[in-house]
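# Remarks on the overall topology
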Amino acid sequence: LWATLIGALFCLGVGRLIDRFGSRIVLTIVTLALATVVLIMTGARNILLLAILITLTRGLGQSALSVVSITMVGKWFVRRLTLAMALYTVVLSVGFMLAFPLIGAMVIESGWRNAWWTIGVVLMFGLAPLALLLVRDSPESCSLQPDVDISRAQLNDEASFSFTLGQALRTPGFWVFGIASATYGLIASGIALFNESILAERGFDASTYHRSLVIVALTALVGNFLGGWLISRGRMNRLLALAMVLLAGSLLALPHVSTQTH
């Protein structure tokens, strides 16, 4: 709980760092920092150090790294941003579907320390060098034409409809969607962190837990595409209301699951 809440603070300021130093530098540094923390964690022997390191993995990975990855897509695409984000979601979901059972099997086979050591090595000697070699801040930095077919004047006109942080905080819509998102995040994190224990209480083994992670990633992918399609044809507040009702129903049903189909 505290690692997630404190780690969320690492989101703040990442955008400014990207604007100042560029996506490539920030992504490389964040990845190296995360890799270092993960490798140190494999040798943690007391609860205080473990708590600090878990908080840092949340802050650097779930928070800072997520901000960098999403921002990179937004800096490269304008006209085809929806397609780019769709592909981003597909790759992310496929990655989760591959990583969860793979890492889960490693934990069962050789323990979490060896699994974490493998993750740290992949981050440090795989992702970080790739980020440094391949990532560029924008199409213009590579002498490419930006993905936009409207004039700069039109962009400025559209920007005039933007909200400052203070103005956004004074709108009911911000709080409705913000609280709904936070509620989902609370529920999803709680279930994700204790998923294996929840399933064990209902009589399922660890292999069921690892298979369920793949199913969750797959259904999330379908849900994202379905949600995007529905938003383009209806009102977002109605879709949000429907999603929250379905979420409430699933929570009411969860304590009663008894079969693999459930």
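Preceding this paragraph is the structure being described.
I will try to describe carefully the structure that is included in this document.

Conventions used here
Residues numbered from 1 in each chain as written. Predicted model: local features only at pLDDT ≥ 70, side-chain atom pairs only at ≥ 80, totals over all residues. Heavy atoms only, no water. Helix = DSSP H or I, 4+ residues; strand = E, 2+ residues; numbered from the N terminus. Buried < 20%, exposed > 50% of the residue type's maximum accessible area, 1.4 Å probe, protein only. Contact = heavy atoms within 4.5 Å. Areas by Shrake-Rupley, 256 points an atom, 1.4 Å probe, with all protein chains shown as cover. Axes fitted to C-alpha atoms, helices over the stretch in contact; angles between N-to-C directions. Parallel < 35°, antiparallel > 145°, perpendicular 65-115°, else oblique. Nonpolar A, V, L, I, M, F, W, Y, C, P; charged D, E, K, R; others polar. Core = buried A, V, L, I, M, F, W, Y, C linked by side-chain atoms within 4.5 Å. Phe/Tyr/Trp six-rings, centres within 6.5 Å; stacked < 30°, edge-to-face > 60°. Left-handed = near helix turned anticlockwise from the far one by under 90°.

## A closer look at the overall build of the protein
If you tally the helices and strands in the protein, you get 12 helices and 0 strands. Counting helices and strands in the order they occur from the N terminus, the protein gives α-α-α-α-α-α-α-α-α-α-α-α. Taken over the C-alpha atoms alone, the protein extends approximately 60 × 45 × 30 Å along its principal axes. Looking at the protein as a whole, 24% of its 262 residues qualify as buried. Considering only contacts in the protein between residues 6 or more positions apart, those separated by 24 or more positions represent 72%. For the protein, the exposed surface amounts to about 17,300 Å²; the carbon and sulfur share of it is 71%.

## Quick look at the packing of helix H5 (residues 81-110) against helix H11 (residues 206-231)
A pair of packed helices can be characterised by two numbers: the angle between their axes and the separation between those axes. Where H5 contacts H11, the axes come no closer than 9 Å and their chain directions differ by 180°. When the interaxial angle is binned, H5 and H11 end up roughly antiparallel. Judged by residue contacts, Ala86, Thr89, Val90, Ser93, Phe96, Met97, Phe100, Pro101, Gly104 and Ile108 of H5 engage Ala206, His210, Leu213, Val214, Ala217, Leu218, Leu221, Asn224 and Phe225 from H11. Residue composition of the contact of H5 with H11, grouped by class: 14 nonpolar, 5 polar and no charged.

## Here's the deal with the nonpolar core
Val14, Val26, Leu27, Leu34 and Val68 are the most contacted members of the largest nonpolar core, which has 20 residues in total. Those elements that place two or more of their residues in this core are helix H2 (14-21), helix H3 (23-41), helix H4 (47-76) and helix H6 (112-134). Ranked by the residues each element gives to this core, the list is headed by H3, at 8 residues. Beyond its immediate stretch of four places on either side in the chain, Val26 contacts Val14, Leu17, Ile18, Phe21 and Val68. Judged by nonpolar contacts, the second largest core, of 5 residues, contains Leu199, Phe204, Tyr209 and Val257.

## Some words on the packing of aromatic side chains
As enumerated under the stated definition, the model contains 2 aromatic pairs in all. Note on Trp112 and Trp116: the rings are 6.0 Å apart at their centroids and 90° apart in plane angle, and the pair reads as edge-to-face. With a gap of 4 residues between them, Trp112 and Trp116 both fall in helix H6, about one helical turn apart. Its relative accessible area of 31% is what places Trp112 among the partly exposed residues. Since its relative accessible area comes to 27%, Trp116 is described here as partly exposed. Their ring planes at 80° and their centres at 5.4 Å tell us that Phe174 and Trp175 sit as a pair that is edge-to-face. Here Phe174 falls in the partly exposed class, since its relative accessible area comes to 35%.

## Observations regarding the packing of H2 against H4
Taken N-terminus to C-terminus, the directions of H2 and H4 make an angle of 50°; their axes are 10 Å apart at the nearest point. Taken together, H2 and H4 sit at an angle that is classed as oblique. As for the relative orientation of H2 and H4, their crossing is right-handed in sense. Mapping the contact onto sequence places Val14, Ile18 and Asp19 in H2 and Ala64, Val67, Val68, Thr71 and Lys75 in H4. Tallied by class, residues from the contact of H2 with H4 come to 5 nonpolar, 1 polar and 2 charged.

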